[in-house]
Each structure stands twice: as structure tokens, then as C-alpha cells.
Amino acid sequence: MENSDLEKLKYPIGKFIAPSAYSKEYLSGKMEEIAQFPEKLKQETFSLSDEQLDTPYRPGGWTVRQVIHHCAESHMNCFIRIKWALTENNPVIKAYDEVLWSALQDNLAMPIQPTLYLLEGLHLRLAYLLKSLSETDLERSFIHPESNSEIKIKQMIATYAWHGNHHLAHITTLKKDKNWK
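Parameters and conventions
- Residues numbered from 1 in each chain as written.
- Predicted model: local features only at pLDDT ≥ 70, side-chain atom pairs only at ≥ 80, totals over all residues.
- Heavy atoms only, no water.
- Helix = DSSP H or I, 4+ residues; strand = E, 2+ residues; numbered from the N terminus.
- Polar contact = N/O pair within 3.5 Å; in protein donor to acceptor, adjacent residues only side chain to side chain.
- Contact = heavy atoms within 4.5 Å.
- Salt bridge = Lys/Arg side-chain N within 4 Å of Asp/Glu carboxyl O.
- Buried < 20%, exposed > 50% of the residue type's maximum accessible area, 1.4 Å probe, protein only.
- Expected span 1.5 Å × (residues − 1).
- Core = buried A, V, L, I, M, F, W, Y, C linked by side-chain atoms within 4.5 Å.
- Pairing = 2+ DSSP bridges.

Asker: Pulling in residues and values, what's your account of the side chain of Ser-141?
Answerer: Inspection of the secondary structure assignment puts Ser-141 in strand 1 (residues 141–144). A polar atom in the side chain of Ser-141 sits 2.6 Å from the side chain of Asn-90. Dropping the residues within four chain positions of it, Ser-141 is found in contact with Ala-85, Asn-90, Pro-91, Glu-150, Ile-151 and Lys-152.

Asker: Kindly report on the pattern of salt bridges, identifying the contributing residues and their values.
Answerer: Once the charged atoms of two side chains with opposite charge are near each other, the side chains can pair. Scanning the model with the defined rule gives 9 salt bridges in all. In this structure, Arg-65 engages Asp-54 in a salt bridge whose closest nitrogen and oxygen atoms are separated by 2.8 Å. Remark: Asp-54 occurs in the loop between helix 3 (50–53) and helix 4 (64–87) and Arg-65 occurs in helix 4; sequence separation between them is 11 residues. In this structure, Lys-154 engages Glu-139 in a salt bridge whose closest nitrogen and oxygen atoms are separated by 2.7 Å. Of this pair, Lys-154 sits in helix 9 (residues 153–178) while Glu-139 sits in helix 8 (residues 135–139), placing them 15 residues apart in sequence. Taking relative accessible area as the criterion, Lys-154 reaches 16% and is therefore assigned buried. In this structure, a network of salt bridges that share partners links the residues Asp-50, Asp-54 and Arg-65.

Asker: I'd like to hear about the environment of Ala-95, residue by residue, with values.
Answerer: On the secondary structure map, Ala-95 appears in the loop between helix 4 and helix 5 (98–102). The spatial distance from the C-alpha of Ala-95 to the C-alpha of Ser-20 is 26 Å, given a sequence separation of 75 residues. In contact with Ala-95, not counting residues within four places along its chain, are Arg-81, His-144, Pro-145 and Glu-146.

Asker: Report on helix 4, specifying residues and quantitative values.
Answerer: Under the 1.5 Å per step criterion, the end-to-end length of helix 4 is 35 Å for 24 residues, consistent within 8% with the ideal 34 Å. Counting buried positions along helix 4 yields 18 of 24 residues, so the element is predominantly enclosed.

Asker: Any chance you could break down unusual backbone geometry for me, citing the residues and the numbers?
Answerer: Phi at Asn-90 is positive, roughly 50 degrees, even though this residue is not glycine. Locating Asn-90 in the fold gives a position in the loop between helix 4 and helix 5.

Asker: Explain the nonpolar core to me, using residue names and the numbers behind them.
Answerer: By size, the foremost hydrophobic cluster in this structure holds 21 residues, and its most contacted members are Ile-34, Ile-82, Leu-126, Leu-130, Ile-153, Met-156 and Ile-157. Residue assignment for this core shows that the elements contributing at least two residues are helix 2 (24–45), helix 4, helix 7 (113–131) and helix 9. With 5 residues, the top contributor of residues to this core is helix 9. If sequence neighbours within four positions are ignored, Ile-34 has contacts with His-123, Leu-126, Leu-130, Ile-157, Tyr-160 and Ala-161. Counting residues in each nonpolar core, the second largest holds 18 residues, with Leu-41, Ile-68, Cys-71 and Leu-119 among its members.

Asker: Residue-level account of the pairing of strand 2 (residues 149–152), with values.
Answerer: For a regular strand, side-chain orientation follows a simple rule: the groups alternate between the two sheet faces. Pairing of strand 1 with strand 2 involves 4 bridges; the strand directions are antiparallel. Pairing of His-144 across the sheet is with Ser-149, part of strand 2. Counted along the chain from strand 1 to the antiparallel partner strand 2, the turn is 4 residues long, and its residue Asn-148 has a positive phi close to 55 degrees.

Keep in mind that these numbers describe shape and distance, not what the molecule does.
As C-alpha cells, this is what we get:
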């Protein structure tokens, strides 16, 4: 497989590009994408067989099952990081190794339904919280220890809207390539 083909499979909607400005309209749209993600994911995955769920979305990539469980884990971390940023003064958050997490038995074999339910509840809470934030709240931040960079809540909103769409596109691209319904 050519590097450009592999890159297209890794990033079917492209890599995240931060906007030059975070307008109220932009953030509102991203909050709506976050709110809608669990339903879109459920619609794309509820009828997949175990064999399909255990198919990698690209050579050397995670299976559909791992992608679904990863989204829940990543978005739980997002929610907690936003809570820390809202309640502490620029805290240093805890990083986690998503590759190691994805190799744990629950990510490899657990049914997806409980994770889809978890995502539904999590995103209801996340969207509710995000929609309640003031302009000042959106500027609150935390420090990510891997890059030692300050990340603002408004950046998290954009990043996690992209993150959900990114992984959803992994699944929809695979379904299209495999001609799955």
C-alpha cells in the first residue's frame, strides 16, 4: 500500500486543523457535532456482525470494535479534563497511552452496546456542560504533560468534534470499501 493511500485511511477527513478564530457560531456548530456523535456512531455500527466489528479499518490499524471503545475512553478523558480546567487554575492533566488501552481485553472483545450507551450518556452531559459555558469559561485551560502546552476549553471543543468525525469516517470508509450495509 502506498504511503498516500495509508495516510488517506489514517485520516479520512484530514488531520485536525485549528481554526484561526473560535467564533460563537463555530463553537456552537462543534458542540452540536459532539452532541450528535453517539447517535451517528450507533447508526453506523448497530447492525455489524462480530466479524465486521473485528475488522481493522486499515492495515495495522484498530478494529471497528477498538475504535468504538477508544472513542468512549478518549471522550471520558476529554470530559474530565474540561472539568479540571473549570475547577482548577490551569492544572496539569494526566496523559494516558491510548495504544496500550486499546490492547486491553475489554477493547478487544467486549460487546459494543454498553460502550454505545456510555457514549450516549457521556455526550449528553458533555454537550450540556459545553453549552452552559461563558466566554470566560471557554478561555480556561489545562496543561498537557506530553507537549507541556496549554490547551483551552474552546480548543478541546474543536478537537473533539473533529475526533468523533475522524473515527466515524474510519468506520464509514471501511463499510463503503467492504460494501457493508
